[in-house]
Amino acid sequence: MHPWHLGFNQLENLPERLLAGRYRTIIDWSVDQLNVAPEAIDEQSREIYARAYDSAEAIRAVASWYRTLREDVRIAADFPKLTMPVLVPGGRYLALSRASNEHLATDIRFVEIPDAGHFLSEEQPQLLSRELINFFKDRTGMPLGSHA
């Protein structure tokens, strides 16, 4: 994992100023570095993601999550553990997901999505879908889409 983006995105106004109109660089770097199979995110998808994040306002929205992260962690420490079933799927970064989430719920299931990095739904959509369907089916006892 490359944690440089945690600090970078916490800097006031710098990500917006440096990346507006150039977000494709971040998309390409992220896909190439954080995926097991970078080719899973094709040129058209990369372009769509880049366009969605390319404005200063969109970058500010992304960076704001990082800018409030410390406060969110501090506040969350006082919350009771979640008691509903929680699924945490992860690829190559599952250990990090486990470490940052295992204390948050009493009924938590971690599942590894093999051959995936950060972008699970892009790299392994069938495996991720299967895990989600199984999780919800196991919790309700009903086929997905059924209503009680």
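Our structure's up above, just so we're on the same page.
As the structure is a computational prediction, the values presented were derived from the model and not from experiment.

Another aspect to go through is the packing of aromatic side chains. Inspection of the entire model under this criterion finds 5 aromatic pairs. Look at W4 and W29: their rings are 5.4 Å apart centre to centre, the planes differ by 80°, and that puts the pair in the edge-to-face class. Taken together, the residues span a long stretch of sequence, with W4 in helix α1 (residues 4–10) and W29 in helix α3 (residues 24–34) at a distance of 25 residues. Classification of W4 as partly exposed rests on a relative accessible area of 41%. W29 sits in the partly exposed class, given a relative accessible area of 28%. Ring centres of F135 and F136 lie 5.3 Å apart, and the angle between their planes is 75°; on these two criteria the pair is classed as edge-to-face. Residue classification places F135 among the buried positions, given a relative accessible area of 5%. An aromatic cluster of at least three residues, connected via ring pairs, comprises W4, F8 and W29.

A few words on the pairing of strand β2 (residues 108–112). Pairing between strand β1 (residues 86–90) and β2: 5 bridges, direction parallel. Paired with V86 across the two strands is I108, which belongs to β2.

Our next topic: the packing of α3 against helix α4 (residues 43–53). Contact geometry for α3 and α4: axes closest at 8 Å, N-to-C directions at 130°. The orientation of α3 relative to α4 falls into the category oblique. By crossing handedness, the relation of α3 to α4 is classed as right-handed. Residues R24, I27, D28, V31 and D32 of α3 form the contact with α4, whose own contacting residues are E43, R46, E47, Y49, A50 and Y53. Within the contact of α3 with α4, the residues separate by chemical class into 5 nonpolar, no polar and 6 charged.

This part is about unusual backbone geometry. If you check the backbone angles, N13 has positive phi at about 70° while not being a glycine. As for its placement among the helices and strands, N13 is situated in the loop between α1 and α2 (14–19). The residue D115 is not glycine, and still its phi comes out positive at about 60°.

With respect to the helices, strands and loops of the structure, A37 is situated in the loop between α3 and α4. Owing to a relative accessible area of 17%, A37 belongs among the buried residues under this scheme. Residues A37 and F119 lie 82 residues apart in sequence; the distance between their C-alpha atoms is 9.6 Å.

About the thresholds
Residues numbered from 1 in each chain as written. Predicted model: local features only at pLDDT ≥ 70, side-chain atom pairs only at ≥ 80, totals over all residues. Heavy atoms only, no water. Phe/Tyr/Trp six-rings, centres within 6.5 Å; stacked < 30°, edge-to-face > 60°. Helix = DSSP H or I, 4+ residues; strand = E, 2+ residues; numbered from the N terminus. Buried < 20%, exposed > 50% of the residue type's maximum accessible area, 1.4 Å probe, protein only. Pairing = 2+ DSSP bridges. Axes fitted to C-alpha atoms, helices over the stretch in contact; angles between N-to-C directions. Parallel < 35°, antiparallel > 145°, perpendicular 65-115°, else oblique. Left-handed = near helix turned anticlockwise from the far one by under 90°. Contact = heavy atoms within 4.5 Å. Nonpolar A, V, L, I, M, F, W, Y, C, P; charged D, E, K, R; others polar.

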